[in-house]
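Chain by chain, the residues:
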Amino acid sequence: MKKVQSTCNYCGIDCNLDFYVENNRVVKTVPTKGYPVNDGFSCIKGLSLDKQQTAVKPNALPKIRQADGTMKEVSWEEAFTHVADKLKALQSKYGTESVAGISTGQLTVEEFAIFGHVMRNYLHANVDGNTRLCMATAVVAHKQSYGFDAPGFTLEDLELSDTIIFIGANPVVAHPIVWGRVRQNQVPGHKIVVIDPRKSETAMNADYWYGLKHRSDLLLLYTVANLLIEKDYLDHRFIEDHTEHFEEFSRFVKSYTLDRAVEGTGLSREQILELVELIHRGKRVSFWWTMGVNQGYEAVRTAQAIINLALMTGNIGKPGTGANSITGQCNAMGSRTFSNTSAPFGGGEFSDPARRKRVASVLGVDESMIPQKPTKTYNEIIEGINAGEIKGLWILCTNPRHSWVNNETFASAVKKLELFVVQDIYDTIESAEDCTVFFPVVPGLKKEGTYINMERRLSAMRQVLEREENEISDYEAVLGVGKALGMGEALKGWETPRDCFNLMRECSRGMACDFTGVTWEMLENSHGIQWPYPEGREEELSAEQRRLYGDGQFFTPSKKAQFVFEEVMENPLPTSEEFPYIFNTGRGSVGQWHTQSRTKEVKFVEDVSVKDAYLYMNTKLAKEKGIRETERIRVYSVNGENAVFTVKVTDNVGYGELFAPMHYIECNKLTPSLYDAYSREPSYKATPVRFEKCEEVFHVPN
Ligand SMILES: Nc1nc2c(c(=O)[nH]1)N[C@H]1C(S)=C(S)[C@@H](COP(=O)(O)OP(=O)(O)OC[C@H]3O[C@@H](n4cnc5c(=O)[nH]c(N)nc54)[C@H](O)[C@@H]3O)O[C@H]1N2
Ligand SMILES: Nc1nc2c(c(=O)[nH]1)N[C@H]1C(S)=C(S)[C@@H](COP(=O)(O)OP(=O)(O)OC[C@H]3O[C@@H](n4cnc5c(=O)[nH]c(N)nc54)[C@H](O)[C@@H]3O)O[C@H]1N2
Ligand code: SF4
Ligand SMILES: [Mo]
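Conventions we followed
Residues numbered from 1 in each chain as written. Chains lettered and ligands numbered in written order. Predicted model: local features only at pLDDT ≥ 70, side-chain atom pairs only at ≥ 80, totals over all residues. Heavy atoms only, no water. Axes fitted to C-alpha atoms, helices over the stretch in contact; angles between N-to-C directions. Helix = DSSP H or I, 4+ residues; strand = E, 2+ residues; numbered from the N terminus. Parallel < 35°, antiparallel > 145°, perpendicular 65-115°, else oblique. Left-handed = near helix turned anticlockwise from the far one by under 90°. Contact = heavy atoms within 4.5 Å. Nonpolar A, V, L, I, M, F, W, Y, C, P; charged D, E, K, R; others polar. Buried < 20%, exposed > 50% of the residue type's maximum accessible area, 1.4 Å probe, protein only. Pairing = 2+ DSSP bridges. Polar contact = N/O pair within 3.5 Å; in protein donor to acceptor, adjacent residues only side chain to side chain. Near = heavy atom within 4 Å. Areas by Shrake-Rupley, 256 points an atom, 1.4 Å probe, with all protein chains shown as cover. Salt bridge = Lys/Arg side-chain N within 4 Å of Asp/Glu carboxyl O. Phe/Tyr/Trp six-rings, centres within 6.5 Å; stacked < 30°, edge-to-face > 60°. Lys NZ or Arg CZ within 6 Å of the ring centre and 35° of its normal.

(A) Structural view of the packing of helix H9 (residues 217–230) against helix H15 (residues 299–312). Interhelical geometry of H9 versus H15 gives an angle of 20° and a closest axis separation of 9 Å. With respect to each other, H9 and H15 are oriented roughly parallel. Every pair of crossing elements has a handedness; the one defined by H9 and H15 is left-handed. Counting all contacts with H9, which are made through Asp-217, Leu-218, Leu-221, Tyr-222, Val-224, Ala-225, Leu-228 and Ile-229, the residues of H15 involved are Arg-301, Thr-302, Ala-305, Ile-306, Leu-309 and Met-312. When grouped by side-chain class, the residues that make up the contact of H9 with H15 number 11 nonpolar, one polar and two charged.

Right, dumping it as structure tokens:
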């Protein structure tokens, strides 16, 4: 029996797991003991990673759609040539930007790096990632406030904090290991606070729950800042030495009065004052936010309002503190700095000639190859296809037909494409329905590469199972197309994931994420290594838990953190007489992952999961409308679409709110094309809707 330590490729925790293998089958999966992230624990998704292997058809070959609409299997070489020729033909017919890609936060660093190299450097196409749906807000907030997209915390901070404040985050379901670390907190009298309109599973387990109105976070946070200033609950020293624009900020928040907040948030005066006191009394206050903040129309400013609270109270850089963005996907952190989409390899700006020069020299290519501007954003790509400007699309490791906001716009878009390549481990995903080429690739257990988790920790994915004939990885598929494009010398140094790792390592040199002290081998069977880890400073950085900003130095030119703020916006999509309810969406259960392509293969998850789209409705509202548990309603959205959901009745959602897990395709049929102005992240969580009881008779299979 052999044992292979590897990384779970679901959520942004990046648990390490020991896989025991016999006859090329996983016989046992044990969360790695002593691993500083998950030390002997993991959730059900990690434990069932091997349960997917049976679902992936062994030996699969790529497929190309024929004139009669059927898909025909071809050899990999034929598929590579077909895609390469088509990409070039489209570009010469319709222009360089007529082809685009959608990358992901779930592959290895090396895989999205090579995709970014082939598509953006060589073809000069636009490539955005599904991280736009998830972390774009945090990225922009960090860049503007700290000078680099550098979340500073280490997971141990959850255990060291005396006041843990979750804002729009539900770790009990979405990040069980985060919650496990909270449970291990031994600080006497520590408090858990949740700010969420819904009484989420985390709110149910908290000491304080602030069930504010949807989209009123920014108003609440500015009011809290104003009260902290009025009461002089500030860390003057920190503000003075390590921040800029506090004076303007304190003048700005003056108009955010308690009365205004009571009206706008629906919280009582006492609740808001209590929250202020909690922040003041805490010696180590930590703020943690996730999608309830990131997915909104004024999300960047909301995230920055959280950062501002941490800065003004000096709760940053010290154990148990921080304004901490919890990351969604397993390698969203890697994709943010190494996918070549919104930032060049290793970070920085595409507009900076010195950065382009540096990256070009590491890659050994002419400077003209490095793009001079960030990619078109996800929504611009979809809009571009619908407008007939983009004719070719290649997506990998994402399922936008289901997960994209207002997802019928994706369905209509792909019908217009002349080339639509879908690269996935399942050809059954919704997004593959209209593809013209399908690339079947192997899942994580059959490949190798590097992951970076939410606390900046690099860890190794190592091959657990042998591959069968014809089975190739994402890395090899992209490399194959690159070669067929005739990239030649431009692919020198990209031969294997390990080679690519070395290129990315070199690109990180001198940047905030410098990991030049890390080698491919060091990550094997290791405890992972957090960036920064520059060459020459290994000894000094030997601690297993490291946080940033302990020295009060940020990555801005002045080395000071910035107070960034802006007036609260009027809700561009408020409820109305016609659409009086709010449709909130998010994670439904620990076992279900996003669009369910993977987790529905896991029998013991599927057995306990609801089969069809459902939503939660408040008990009083259900009673008023004469709707009982398990009855169905048709929900009409402000976006013009409607869909049917089974009702579950609960007191954990507010009277005016419906909460629908995102794991069903119906969910995003109803979400609107509304984005944050700075991050272009979709506003998934507060759609005005109305509903009626379904009179249709449904066949219930027995
Ligand atoms: N089991 C499981 N785990 C997952 C995932 C999965 O699919 N399944 N996905 C992973 C990924 S990629 C991500 S991004 C994370 C997401 O992790 P989370 O963000 O924690 O999960 P969500 O359920 O999307 O949203 C969190 C909360 O935001 C609240 N919310 C909605 N509107 C507002 C508002 O106006 N204000 C505030 N304060 N809160 C609001 C919702 O009620 C919800 O409880 O989970 C990761 N982990
Ligand atoms: N309404 C609503 N919608 C949302 C959200 C929400 O809160 N509410 N959250 C958004 C967020 S935060 C996110 S992150 C997105 C997620 O949205 P998606 O990224 O579209 O969701 P996944 O189901 O994770 O899709 C991953 C795909 O990769 C495939 N895959 C797995 N492993 C591999 C591999 O090794 N190689 C390849 N090539 N493919 C592989 C899987 O089969 C699956 O089809 O959804 C967003 N959509
Ligand atoms: S899904 Fe997240 S918490 Fe669960 S095992 Fe994987 S990395 Fe760990
Ligand atoms: Mo996400």
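Moving on from the coordinates now.
(B) Looking closely at the pairing of strand E18 (residues 457–461). With five of five residues buried, E18 lies mostly within the body of the structure. Side chains Arg-457, Ser-459 and Met-461 of E18 all project onto a buried face; the interleaved residues Leu-458 and Ala-460 project onto the opposite face, where all are buried too. In terms of strand pairing, strand E17 (residues 449–452) meets E18 through four bridges, oriented antiparallel. By the bridge assignment for E18, Ile-452 is matched with Leu-458. Between E17 and E18, which pair antiparallel one after the other, the connecting turn spans four residues, and Arg-456 there sits at a positive phi close to 70°.

(C) A look at the side chain of Gln-592. Checked against the element boundaries, Gln-592 lands in the loop between strand E21 (581–586) and helix H24 (603–606). Given a relative accessible area of 4%, Gln-592 falls into the buried group. Among the polar contacts listed, one links the side chain of Gln-592 to the side chain of Gln-596, at a separation of 3.2 Å. Not counting residues up to four positions away in its chain, the partners in contact with Gln-592 are Thr-599, Val-605, Ser-609, Val-610, His-663 and Tyr-664.

(D) Just the environment of Lys-560, in detail. Checked against the element boundaries, Lys-560 lands in the loop between strand E19 (529–530) and strand E20 (561–562). Residues Lys-560 and Glu-240 lie 320 residues apart in sequence; the distance between their C-alpha atoms is 9.6 Å. In this structure, Lys-560 is in contact with Glu-240, Asp-241, His-242, Thr-243, Glu-244 and Phe-554, ignoring residues within four places of it in sequence.

(E) Representation of the site of ligand 1 in the model. Neighbouring ligand 1 are 32 residues, the closest being Asn-170, Ala-174, Asp-196, Asp-217 and Gln-592. Take Asn-584: an N or O atom from its side chain is 3.0 Å from an oxygen atom of ligand 1. Between ligand 1 and the protein, one listed contact pairs an oxygen atom with a side-chain N or O atom of Lys-685 at 3.0 Å. Protein burial of ligand 1: of its 910 Å² of free accessible surface, 100% is covered by the chains.

(F) Quick look at the site of ligand 3. Lining the immediate environment of ligand 3, one finds Cys-8, Tyr-10, Cys-11, Ile-13, Asp-14, Cys-15, Ser-42, Cys-43, Lys-45, Gly-46 and Ile-177. Broken down by class, the residue content of the shell around ligand 3 amounts to seven nonpolar, two polar and two charged.

(G) Expanded view of the sheet that holds strand E26 (residues 687–693). What the six strands build is a closed barrel, ordered E21-E25-E22-E24-E23-E26; its pairing is mixed. When the angles between neighbouring strand axes are averaged without regard to direction, this sheet yields 45°. The pairing of strand E23 (residues 632–637) with strand E24 (residues 642–650) spans five bridges and is antiparallel. Pairing of Val-635 across the sheet is with Ala-643, part of E24.

(H) Geometry of the pattern of salt bridges. One pass over the full model with this rule turns up 30 salt bridges. Here Arg-132 and Asp-128 are joined by a salt bridge, their closest N and O atoms 2.7 Å apart. The pair Arg-132 / Asp-128 is uniform in exposure class, with both members buried. Here Arg-457 and Glu-455 are joined by a salt bridge, their closest N and O atoms 2.7 Å apart.

(I) Broad picture of the packing of aromatic side chains. Inspection of every chain in the model, using the stated rule, returns 35 aromatic pairs. Here Tyr-222 and Phe-252 contribute two aromatic rings whose centre-to-centre distance is 5.1 Å and whose plane-to-plane angle is 85°, an arrangement assigned as edge-to-face. You can see Tyr-222 sitting in helix H9 and its partner Phe-252 sitting in helix H11 (residues 246–252), a full 30 residues away along the chain. Owing to a relative accessible area of 1%, Tyr-222 belongs among the buried residues under this scheme. Among the aromatic residues, those joined into a cluster by ring pairs are Tyr-222, Phe-246, Phe-249, Phe-252, Tyr-256, Phe-563 and Phe-565. Geometry around Phe-659 places Arg-198 over its ring, the cationic atom sitting 3.7 Å from the centre. In this structure, Arg-598 packs its charged tip against the face of Tyr-10, placed 3.8 Å from the ring centre.

In short, the description is geometric, and any link to function would need to be established separately.
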